[in-house]
Amino acid sequence: MKTKLISLFMAVMLFGCGGQSESSLVSIGEKDTESKQPNVIIIFTDDHGYADLGSQNQVSDIHTPNIDLLANNGVRFSNGYVTAPQCAPSRAGLLTGKYQQTFGFDENKHGPLDTKVPTIADAFKELGYTTGMMGLH
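The next point concerns the side chain of Thr64. Along the chain, Thr64 turns up in the loop between helix H1 (2-13) and helix H2 (65-73). Engagement of the side chain of Thr64 in a polar contact is seen with the side chain of Asp68, the distance being 2.8 Å. Among residues more than four places away in sequence, those in contact with Thr64 are Asp52, Leu53, Gly54 and Ser55.

Attention shifts here to the pattern of salt bridges. Scanning the model with the defined rule gives one salt bridge in all. Note that Glu107 and Lys109 form a salt bridge whose closest N and O atoms lie 3.9 Å from each other. Residue Glu107 is classed as partly exposed on the basis of its relative accessible area of 35%. Accessibility expressed as a relative area gives 63% for Lys109, which makes it exposed.

Moving on, we get to the packing of aromatic side chains. For the structure shown, the criterion picks out one aromatic pair. On the basis of an interplanar angle of 80 degrees and a centroid distance of 4.8 Å, the ring pair of Phe124 and Tyr129 is categorised as edge-to-face. On the basis of relative accessibility, which here comes to 7%, the residue Phe124 falls in the buried class.

Cut-off values and rules
Residues numbered from 1 in each chain as written. Predicted model: local features only at pLDDT ≥ 70, side-chain atom pairs only at ≥ 80, totals over all residues. Heavy atoms only, no water. Helix = DSSP H or I, 4+ residues; strand = E, 2+ residues; numbered from the N terminus. Polar contact = N/O pair within 3.5 Å; in protein donor to acceptor, adjacent residues only side chain to side chain. Contact = heavy atoms within 4.5 Å. Salt bridge = Lys/Arg side-chain N within 4 Å of Asp/Glu carboxyl O. Buried < 20%, exposed > 50% of the residue type's maximum accessible area, 1.4 Å probe, protein only. Phe/Tyr/Trp six-rings, centres within 6.5 Å; stacked < 30°, edge-to-face > 60°.

These figures come from the coordinates and say nothing about function on their own.
The following block contains the structure:
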């Protein structure tokens, strides 16, 4: 189950894995690493339009140099869709790889996500990744 979840996520949401040199794989505090695992960064935004990134080359007055660098040196998936019209259920679907209705999270009022529901972070941790999340509300 976890392998399928990882495979799905890697196929659909992989960012920042290309263009790395050996030196970029060294973690803070480590002198050397044998790891060849790609870095994975998932950026999930609310109310985000197609033209809202400089890398989309739609308008000249939007400057997003750091995200553009990730987009230009990584893997981009530009044809993704959310599974709910609200933000919290969409995030729950992304984090679990399941339709959020299958575990009772189909409206914003149903949060937070139950800690018993396996997430992509659980699967990545089993593979030796350090995971983290940040958000602004």
